[in-house]
Amino acid sequence: SILINAYGALAGMTSAGGLNGSGVLFRFDPVAGVITKMQDFDDVAMGRTPFGSLMQASNGKLYGVTSAGGLNNNGVIFELDFLSNTFVKKFDFAIIIDGGYPYGSLIHASDGKLYSNTTYGGTNDFGVMFRLNPSDLLFEKLLDYNDIGNGSYPVGQLLETAGGNFYGLTYGGGTYSKGTLYEYNSVSGIYTVKRHLDSATTGSMPYGGLIETSAGNLYGMTSYG
């Protein structure tokens, strides 16, 4: 999807194409109707096949993930200075240690850190939740998904609400192996499954994130059920 950044321009990513066939970062001027390629992903140095969205942190820089490439071919976290068009790889995923193949988007949380999930990897190979401090590059694995207990293969992006609570969805796992809706508190480190999806009643296998309305309700969709 497209990010409208603080500089009044649109920015986005493609998951394929470009000089190396690995995707590109681009900007679009909606007034002039001009699209400009900013960077070509190149596999090892910059990662390849990005999914999800870019996000802009409070420092004005854009952050994103690739689903593959990097030193371990498990994906990377990157930073783009939009004004200077400077690309910096911030982190290489190593699948067993800290997860791999992220298919979601980063969020810039109220504590100043970047939060997201990897869809695979970790101790159980069902994905991990992590956070990265962009200032000192401290990477923390917050939890390993374990399938039946807390879900598996998280996708989409996390949603932060008041009190350090994050909400998200897993595509699989849970009691019925149809996915979960969960809550994670970044202060206490407590993870709670709020609903085990069961197909007929709740729908199943969600493939996105949640949104919050002004009334405080969360909305999402499932891809089956």
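Our structure is the block above this text.
The written sequence of each chain sets the order in which its residues are numbered from 1. Local features are withheld for residues below a pLDDT of 70 in this predicted model, meaning they are given only at 70 or higher, and side-chain atom pairs are given and counted only at 80 or more; totals for whole chains, interfaces and linings count all residues. Based on all heavy atoms of the structure, the side-chain values leave hydrogens and waters out of the count.

Section: the overall build of the protein
Item 1. For helices the rule is a DSSP run of H or I covering at least 4 residues; for strands it is a run of E covering at least 2, with both sets numbered from the N terminus onward. Check the secondary structure of the protein and you find one helix and 19 strands.
Item 2. The C-alpha radius of gyration of the protein comes to 17 Å, within 12% of the 17 Å expected for a compact globule of 225 residues.
Item 3. Over its C-alpha atoms, taken along the principal directions, the protein stretches across nearly 50 × 40 × 35 Å.
Item 4. For the protein, the residues scored as buried account for 50% of the 225 residues in total.
Item 5. A sequence separation of at least 24 residues applies to 35% of the contacts in the protein between residues at least 6 apart.
Item 6. Accessible area for the protein stands at about 10100 Å²; split by element, carbon and sulfur atoms hold 53% of it.
Item 7. By the counting scheme adopted, Arg and Lys are positive, Glu and Asp are negative, and His together with the chain ends is not counted. Where a charge lies is defined by one atom per residue type: Lys uses NZ, Arg uses CZ, Asp uses CG and Glu uses CD. Charge separation in the protein, taken as the distance between the mean sites of 12 positive and 18 negative side-chain charges, equals 1 Å. Computation of the radius of gyration draws on C-alpha atoms, with the globule rule given as 2.2 Å multiplied by the number of residues to the power 0.38. Each residue is assigned to one of three classes by its accessible area relative to the maximum for its type, calculated with a 1.4 Å probe on protein chains only: buried under 20%, partly exposed between the two thresholds, exposed over 50%. Should any heavy atoms of two residues lie within 4.5 Å, those residues are considered in contact. Residue burial considers only the protein chains on display, and all accessible areas are found by Shrake-Rupley using a 1.4 Å probe.

A look at the sheet that holds strand β13 (residues 139-144)
Item 1. Strand order in this open sheet of four strands is β10-β11-β12-β13, and the pairing throughout is antiparallel. Only two strands of the sheet have a single neighbouring strand rather than two, namely β10 (107-108) and β13. The pairing criterion for strands is at least two bridges between them, as found by DSSP.

Remarks on the layout of surface pockets
Item 1. Grid spacing is 1 Å over the protein atoms alone, the probe is 1.4 Å, and a cavity is where that probe fits but cannot get out, while a pocket is an open set with protein on both sides within 12 Å along at least five of seven lines and lining residues have an atom within 4 Å of a point. Grid points are joined across faces, edges and corners, and a volume is the space filled by probe spheres set on the points. Here the largest pocket defines a volume of roughly 170 Å³.
Item 2. Surrounding the largest pocket, F51, G52, S53, Y103, G104, S105, V155, G156, Q157, Y207 and G209 form its lining.
Item 3. We call Asp, Glu, Lys and Arg charged. Ala, Val, Leu, Ile, Met, Phe, Trp, Tyr, Cys and Pro are nonpolar, and the rest, Gly among them, are polar. Looking at the lining of the largest pocket residue by residue, the class counts come to four nonpolar, seven polar and no charged.

A short note on the pattern of salt bridges
Item 1. A side-chain nitrogen of Lys or Arg and a carboxyl oxygen of Asp or Glu constitute a salt bridge if their distance falls within 4 Å. Overall, the coordinates contain eight salt bridges when judged by the stated rule.
Item 2. The partner of D40 in a salt bridge is K37, with the nearest N and O atoms 3.2 Å apart.

Comments concerning the sheet that holds strand β1 (residues 3-4)
Item 1. Spatial ordering of the open sheet is given by β1-β2-β3-β4, a layout of four strands whose pairing is antiparallel. The open sheet terminates on both sides in strands that have one partner only, identified here as β1 and β4 (34-40).
Item 2. Pairing of β1 with strand β2 (residues 10-14) involves two bridges; the strand directions are antiparallel. By the bridge assignment for β2, L3 is matched with A11.

Side note on the pairing of strand β7 (residues 62-68)
Item 1. A large share of β7 lies buried, amounting to seven of its seven residues.
Item 2. Pairing of strand β5 (residues 48-50) with β7, which is carried by two bridges, proceeds in the antiparallel orientation. Counted as the bridge partner of P50 is T66 from β7.
Item 3. Sheet topology places strand β6 (residues 55-56) next to β7; two bridges connect them, and they run antiparallel. Note on β7: the bridge partner recorded for Q56 is L62.
Item 4. Here β6 hands over to β7 after five residues, with G60 in that stretch at a positive phi of 85°.
Item 5. The pairing of β7 with strand β8 (residues 76-81) spans four bridges and is antiparallel. The residue bridging L62 from the neighbouring strand is L80, located in β8.

Digging into the environment of N72
Item 1. Examined against the element boundaries, N72 turns out to sit in the loop between β7 and β8.
Item 2. Taking relative accessible area as the criterion, N72 reaches 38% and is therefore assigned partly exposed.
Item 3. With 69 residues separating them along the chain, N72 and L3 place their C-alpha atoms 28 Å apart.
Item 4. N72 has contacts with D92, F93 and A94, leaving out every residue within four places of it along the chain.

Brief notes about the environment of N133
Item 1. Here N133 shows up in the loop between β12 (128-132) and β13.
Item 2. Along the primary structure N133 and K194 are separated by 61 residues, whereas in three dimensions their C-alpha atoms are 28 Å apart.

Some words on the packing of aromatic side chains
Item 1. Two rings from Phe, Tyr or Trp (for Trp, the six-membered ring) form a pair when their centres sit within 6.5 Å of each other. Planes less than 30 degrees apart are called stacked, planes more than 60 degrees apart edge-to-face, and all others tilted. Overall, the coordinates contain 18 aromatic pairs when judged by the stated rule.
Item 2. An angle of 65° between the planes, with centres 5.5 Å apart, marks the rings of F41 and F78 as edge-to-face. With F41 in the loop between β4 and β5 and F78 in strand β8, this residue pair connects regions lying 37 residues apart in the sequence.
Item 3. Pairing F93 with F130 gives two aromatic rings, centres 5.4 Å apart and planes at 70°, and the pair type is edge-to-face. Placement of F93 in the loop between β9 (86-92) and α1 (95-98) and of F130 in strand β12 is noted, with a sequence separation of 37 residues between them.

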